[in-house]
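Overview (structure and organization)
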Amino acid sequence: MKPTVDKLIDQMQMLFKDLAAKDLMVPNVISISPDRTMEQAKELMRLKKISGLPVVENDILVGLVSIEDIIKALERHRIHDPIYKIMTKNLVVVSPDETLPQIFDKFTRTGFGRFPVVDDQKRLVGIITKEDILRGILEEFRLLYVRDKRRQDVIDGEALNRSLITGEEINKLGADFAFSIDYVEVSLSGVGAARLKDFLKGRGIEEEIARKVAIASYEAETNVVIHSGSSGNIYCFLYPEYIRVRVEDHGKGIEDLDKAMQEGYSTATDQIREMGFGAGMGISNMHRYSDKMVIVSEVGKGVIVEMQFFLKDAANSA
Amino acid sequence: MKLIDISKILEAKVYSGEEKLNDLEIDRAGAADMMSDVLAFAKPGMLLITGLNTPQVVRTASIVGIATVVIVRKKQIPAETIQAAKMFGIPLLHSPLPMYTACGVLYAHNLKDIRAF
Ligand SMILES: Nc1ncnc2c1ncn2[C@@H]1O[C@H](COP(=O)(O)OP(=O)(O)OP(=O)(O)O)[C@@H](O)[C@H]1O
Ligand SMILES: [Mg+2]
């Protein structure tokens, strides 16, 4: 077994040897300044769900706070001390141009979980973890595979104007109801779904069905506001036998749809949870209240949720 | 049970829907703090007890047809929430009782849960 694996790794290294730290790192690093307290570092790490926090003074990297440092500070009753007294100062860093084999080497030699990426003036430009490397490799793979090219067409191409469920052409300009989700304030989420419900009732749709449509659309609308990081649209089309709703955004997309669809899975922050969202039940609810549902997503391109709701008689005869 | 009696039992302050106090009959109630939870289980006509005081809770109530919202735990109710409740015509009550107690006293007064709806 072993030789095969080694061979595989060799081949992989060949494929990915040109990937550099700057392609793999996460820019816009969350950091903290050295005069803050360890307590504050701990809070930030908890809120952002990170296990290591670079310490930066005037853009220059001066240290790193790890979970271990936090534990030590707690044990020694020094959690209210300023960070610079406790942080790890002897850092192994990576430069933006170091390549994958070199970075790999550093991971194995040091056993550390993350490396700050600093330029030649010691300015912090990014951070890199093993996960980032894996993601970088997967991203490369994506470019290699035609299968994914096809999936991309769903979000980019002509298919945007087709139903994801029936394949028929849909003309969004001719939608019976349209609402643009162009706000970022979480406290406003649901405004579009409430309007949609009023619209449906105005069109003589039964309360029970209008309610189902509104609930499912509310969940989709909230997801756009909370998770997408972009704006979006709600479209509704009325047909003799059913109602079709499309909720689209152009945001960051969903990395792992299988996970996202599991009840209870959520990436919502504590702050969002305090507002009553983040139970990880939204997609399950869309599923529960609609008769048919399809979600497609491409990382970096957005999410499309399409749902069908049968009108009573049609559902019975179907 | 009449909403007026519920408001007394819960020692609640009424922020919206005073005009319905004497007429509205409630016989089912439930409690939740997560919006998706409410959306998943709520039944039209029920009373919701919640620790949330955001305007969404009222919007959620309107979408699922909740008849009355009772806020517990919170010290204050934001003006936007009261405004939303008035706009949607949903009675909004604020009770000083802990959530557990609020549920308990209503249950003791024969308010049913939402299972047998
Ligand atoms: N439009 C979107 N853009 C980016 N990510 C999304 C989007 N919709 C959902 N997700 C991802 O899918 C996860 C699951 O979504 P879901 O609606 O089921 O739960 P939630 O929004 O986290 O919590 P809840 O809906 O119960 O308030 C989210 O936590 C998020 O990571
Ligand atoms: Mg959601």
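Reference entry: report on the structure contained in this document. Source: prediction; values computed, not measured.

Rules used in this analysis
Residues numbered from 1 in each chain as written. Chains lettered and ligands numbered in written order. Predicted model: local features only at pLDDT ≥ 70, side-chain atom pairs only at ≥ 80, totals over all residues. Heavy atoms only, no water. Near = heavy atom within 4 Å. Polar contact = N/O pair within 3.5 Å; in protein donor to acceptor, adjacent residues only side chain to side chain. Helix = DSSP H or I, 4+ residues; strand = E, 2+ residues; numbered from the N terminus. Contact = heavy atoms within 4.5 Å. Buried area = accessible area lost by both parts, 1.4 Å probe. Salt bridge = Lys/Arg side-chain N within 4 Å of Asp/Glu carboxyl O.

**Looking at the site of ligand 1**
For ligand 1, the set of nearby residues contains 20 residues, the closest of which are His227, Ser266, Thr267, Gly278 and Met281 of chain A. Ligand 1 sits at the junction of chains A and B, each of which supplies nearby residues. One nitrogen or oxygen atom from the main chain of Gly282 of chain A is found 3.0 Å from an oxygen atom belonging to ligand 1. Taken together, the elements giving at least two residues each to the shell around ligand 1 come down to helix 9 (207-228) and helix 12 (282-289) of chain A. Looking at the shell around ligand 1 element by element, the count peaks at four residues for helix 9 of chain A.

**A look at the side chain of His94 of chain B**
Residues and elements named next belong to chain B. With respect to the helices and strands, His94 occurs in strand 5 (residues 92-94). Side-chain polar atoms of His94 contact the backbone oxygen of Lys74, separated by 2.6 Å. Residues within four places of His94 in sequence aside, it is in contact with Glu11, Ala12, Lys13, Tyr15, Ile71, Lys74, Lys75, Gln76 and Ile77.

**Some points on the interface of chain A and chain B**
Of the residues lining the interface, 26 residues belong to chain A; the matching set on chain B comes to 21 residues. Carbon and sulfur atoms supply 59% of the area that chain A and chain B bury against each other, a total of about 1,700 Å² over both sides. For chain A, the biggest contributors to the area lost against chain B are Arg211, Tyr218 and Gly276 of chain A; these three give 29% of the whole. Summed over the shared surface of chain A and chain B, the number is zero salt bridges. Our enumeration of links across chain A and chain B arrives at 15 residue pairs in polar contact (both at pLDDT 80 or more). Secondary structure elements with two or more residues in the side of chain A that touches chain B: helix 8 (191-202), helix 9, helix 11 (270-274) and helix 12 of chain A.

None of this, on its own, says anything about what the molecule does.
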